[in-house]
Amino acid sequence: MRQALRQTLPAALMGVLALLFAQSPTALAESEAALVPYQLAYAATLNGMDIDAKRELRVNGNRYEIITSAKNLLGSITEEGTFSLDEQGVIVDHGYEYERNIIGMKKTEELSYDRTAGVANYEAKKKKRQVKLDGNYLNRLSYQVQLQRDLSNGQTTLQYQVIARGRLKDYNFEILGEETLDTPLGPFKTIKVKRVREDDDRQTIMWFAPELNYLLVQLWQKEEDGDDHKLVIKSGTINRQPIVNGGDHS
């Protein structure tokens, strides 16, 4: 149970954004729909248990903060990350934190950035690692932002180098097509995306709604042991306006 909750929920809360090179970061924030602040609530099930999950994007000047959380009677998981955009619209990470508290057992992770030294420092209990920032590496929240940006920009190659638990990993995705999806908020036309894994029998499929700035509206995951889990949007706001099926919230 603890292993399934640890592996499933953070990955389930996917978010995303679209790249415009000819503008400043401030202009990008004003014109790029996927950078508009939002608050989302999801209904989820894990091994037959109900879970409350939330995702939020906050904007503070030229900085953005993503917060995701999931909880039930057994415990909770929270992730927080901050980033900005450089002059070319590229994501620049500033920090990432993860906290899990399940049945009284607590685990924390932190990823900090030393841009002067060109390194990212990962720290967890009894574990420290360092990653040299040789490329435009993302973390476990900011890659979700870039995925959304790429979808909204019509990209079909969805590949990201991600610092996950202090190691550099490749995250790859495949677009499966379009599908109209029924949700508690009504039907939405969606883009269906699959996580591509090698040497891993887990399956993850996500549905993103273009009319909701390509935000995640549903996720389904099947574990190696055959258990499957589902997450679906149930309420939320975009730019402080309630989500209404078919509405324009940009």
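Computed from a prediction, not measured in an experiment: that's the story for all the values here.

Undergrad: Report on the overall build of the protein, specifying residues and quantitative values.
TA: Helices and strands together make up the secondary structure of the protein, namely three helices and 16 strands. Within the span of the protein, comprising 250 residues, buried residues form 47% of the whole. Pairs at least 24 residues apart make up 45% of the contacts formed inside the protein by residues separated by at least 6 positions. Of the roughly 12,400 Å² that the protein leaves accessible, carbon and sulfur atoms contribute 43%.

Undergrad: Could you give an account of helix α3 (residues 142-152), naming the residues involved and the relevant values?
TA: Here α3 lies mainly inside the structure; ten of its eleven residues are buried. When α3 is considered as a whole, its buried residues turn out to be S142, Y143, Q144, V145, Q146, L147, Q148, R149, D150 and L151. G154, located one to two residues past α3, shows a positive phi value of around 80°.

Undergrad: Describe the pattern of salt bridges, with residues and values.
TA: Counting across every chain of the model gives eight salt bridges. Its salt-bridge partner being E109, residue K107 comes within 3.5 Å of it at the nearest N-O pair. Accessibility expressed as a relative area gives 26% for K107, which makes it partly exposed. Between K192 and E179 there is a salt bridge, with its nearest N and O atoms 3.4 Å apart. Here K192, found in strand β12 (residues 186-196), pairs with E179, found in strand β11 (residues 167-183); they are 13 residues apart in sequence, far enough to count as distant. On the accessibility criterion, K192 (21% relative accessible area) is partly exposed.

Rules of the game
Residues numbered from 1 in each chain as written. Predicted model: local features only at pLDDT ≥ 70, side-chain atom pairs only at ≥ 80, totals over all residues. Heavy atoms only, no water. Helix = DSSP H or I, 4+ residues; strand = E, 2+ residues; numbered from the N terminus. Buried < 20%, exposed > 50% of the residue type's maximum accessible area, 1.4 Å probe, protein only. Contact = heavy atoms within 4.5 Å. Areas by Shrake-Rupley, 256 points an atom, 1.4 Å probe, with all protein chains shown as cover. Salt bridge = Lys/Arg side-chain N within 4 Å of Asp/Glu carboxyl O.

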